[in-house]
Amino acid sequence: MHWWSQQACDAAAEAQAADPSPGNLMAAAQVQALVSLAEALHRIAATLEERDENDTAPPLPVRPK
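Residues numbered from 1 in each chain as written. Predicted model: local features only at pLDDT ≥ 70, side-chain atom pairs only at ≥ 80, totals over all residues. Heavy atoms only, no water.

### Points about the overall build of the protein
Then step 1. Each helix and strand counted, the protein has two helices and zero strands in total.
Then step 2. Taking 65 residues into account, the globule formula puts the C-alpha radius of gyration at 11 Å, and the protein, at 18 Å, lies well above it.
Then step 3. A principal-axis box enclosing the C-alpha atoms of the protein has dimensions of 55 × 30 × 10 Å.
Then step 4. Split into buried and exposed, the 65 residues of the protein put 9% on the buried side.
Then step 5. Side-chain charges of the protein comprise 4 positive and 9 negative groups, with the mean position of each set lying 18 Å from the other. (Helix = DSSP H or I, 4+ residues; strand = E, 2+ residues; numbered from the N terminus. Rg over C-alpha atoms; globule rule 2.2 N^0.38 Å. Buried < 20%, exposed > 50% of the residue type's maximum accessible area, 1.4 Å probe, protein only. Lys, Arg positive; Asp, Glu negative; His and termini not counted. Charge placed at Lys NZ, Arg CZ, Asp CG, Glu CD.)

Following this line, the structure appears as structure tokens:
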């Protein structure tokens, strides 16, 4: 887990513990979903960077318009 995702999860957990209202529970769930999306995008970017550094990788196909 990255530092930014850990901070987001910690902040959501603290807010939820301070006030376990339905609104805070929903906000915590939204934070978790956004962190999951951000981590997935980070993995995709890292994979693409690694692929770009590797000269033997075939180029991605481009669809004509």
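### Here we look at the packing of helix 1 (residues 3–18) against helix 2 (residues 22–53)
Then step 1. Their axes nearest at 9 Å, the elements helix 1 and helix 2 cross at an angle of 175°. Here helix 1 is positioned roughly antiparallel relative to helix 2, judged by the angle of their axes. Facing helix 1, whose interface residues are W4, S5, A8, C9, A12, A15 and Q16, helix 2 presents N24, L25, A28, V31, Q32, V35, A38, E39 and H42. (Axes fitted to C-alpha atoms, helices over the stretch in contact; angles between N-to-C directions. Parallel < 35°, antiparallel > 145°, perpendicular 65-115°, else oblique. Contact = heavy atoms within 4.5 Å.)

### A short note on helix 2
Then step 1. For helix 2, built from 32 residues, the straight-helix expectation of 46 Å at 1.5 Å per residue is met to within 8% by its first-to-last C-alpha distance of 47 Å.
Then step 2. Along helix 2, the residues classified as buried are A28, V35 and E39. (Expected span 1.5 Å × (residues − 1).)

### Here's the deal with helix 1
Then step 1. Counted at 1.5 Å a residue, the expected span for helix 1 with its 16 residues is 22 Å, and the 22 Å between its end C-alpha atoms agrees.
Then step 2. Of all the positions in helix 1, only S5, C9 and A12 are classed as buried. Down the axis, helix 1 shows its buried residues gathered within 65° of arc, on one side only. Seen from the buried face of helix 1, the exposed residues on the opposite side, beyond 90 degrees, are W3, Q7, E14, A17 and A18.
Then step 3. Looking at the buried residues of helix 1, the elements they touch are helix 2. (Arc of directions from axis to C-beta.)

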